[in-house]
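Residue-level structural notes
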Amino acid sequence: MAGSIYDFTVTTLNGNALDLASLKGQVLLIVNTASQCSFTPQYKELEELHRVYAAQGLKVMAFPCNQFGQQEPGNATDVGDFCELNYQTTFTLCDKIDVNGANTAPLYQFLKQQKTGIFGTRAIKWNFTKFLVAKDGRVLKRYSPTTKPLAIKKDIEAALAV
């Protein structure tokens with residue numbers, strides 16, 4: 001298991017490798033997403049956070065996942081087109097991944113190890129689980145799918161202020 005979030009490289013939706021070490025000094029908000037979920041409107045608030053705080057060092061990263069109710073069935077082009085058309089997203093969209101099970105993406109293995117869910121569970125329960133990562137790479141908090149992105153503004157502002 002990696003020792004730091006900066007030990008990972010992820011793939012963006014357009015197929016480019018993104019070395020997370022290049023994001024040192026930024027606050028990260030990492031979210032597993034789906035385009036056919038009752039929580040999908042959270043894309044709007046994720047985009048709002050990105051537009052307000054990106055210049056201050058916030059990096060919003062969405063990881064589409066089809067493990068919950070098959071709510072992200074499309075390919076990379078479908079996901080990108082949906083997000084751009086419906087939510088005008090400009091934050092980082094990454095390649096579809098698994099967040100649970102035998103094929104869990106290494107980044108999510110790490111995130112779940114660092115911050116467990118309610119009652120100490122490691123599994124991601126549903127789409128739009130969020131992880132807030134400090135500028136130094138520490139995983140600060142894990143938020144449930146029902147926590148709306150704008151509800152964590154104070155935590156983001158506190159992380160940016162450090």
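Thresholds, definitions, all that
Residues numbered from 1 in each chain as written. Predicted model: local features only at pLDDT ≥ 70, side-chain atom pairs only at ≥ 80, totals over all residues. Heavy atoms only, no water. Buried < 20%, exposed > 50% of the residue type's maximum accessible area, 1.4 Å probe, protein only. Helix = DSSP H or I, 4+ residues; strand = E, 2+ residues; numbered from the N terminus. Contact = heavy atoms within 4.5 Å. Core = buried A, V, L, I, M, F, W, Y, C linked by side-chain atoms within 4.5 Å. Salt bridge = Lys/Arg side-chain N within 4 Å of Asp/Glu carboxyl O.

**Remarks on helix α3 (residues 106–114)**
Turning to α3, its buried residues are L107, Y108, F110, L111 and K112. In this structure, the buried residues of α3 make contact with β1 (9–11), β3 (27–33), β4 (58–64), β6 (130–133) and β7 (139–143).

**Overview of the nonpolar core**
I5 and I30 are the most contacted members of the largest nonpolar core, which has 25 residues in total. Among the secondary structure elements, those contributing two or more residues to this core are β3, β4, α3 and β6. The leading source of residues in this core is α3, at four residues. With sequence-adjacent residues up to four places away left out, I30 is seen in contact with I5, M61, F63, L107, Y108, L111, T129, K130, F131 and V133. Within the second largest apolar cluster, 23 residues are counted, among which are L29, Y43, V79 and I156.

**Focus on the pattern of salt bridges**
Counted according to the given criterion, the structure contains three salt bridges. With a closest N to O distance of 3.3 Å, K141 and D155 form a salt bridge. Taken together, the residues span a long stretch of sequence, with K141 in strand β7 and D155 in helix α4 (residues 153–161) at a distance of 14 residues. Judged by relative accessible area, which is 39%, K141 ranks as partly exposed. What makes D155 partly exposed here is its relative accessible area of 25%.

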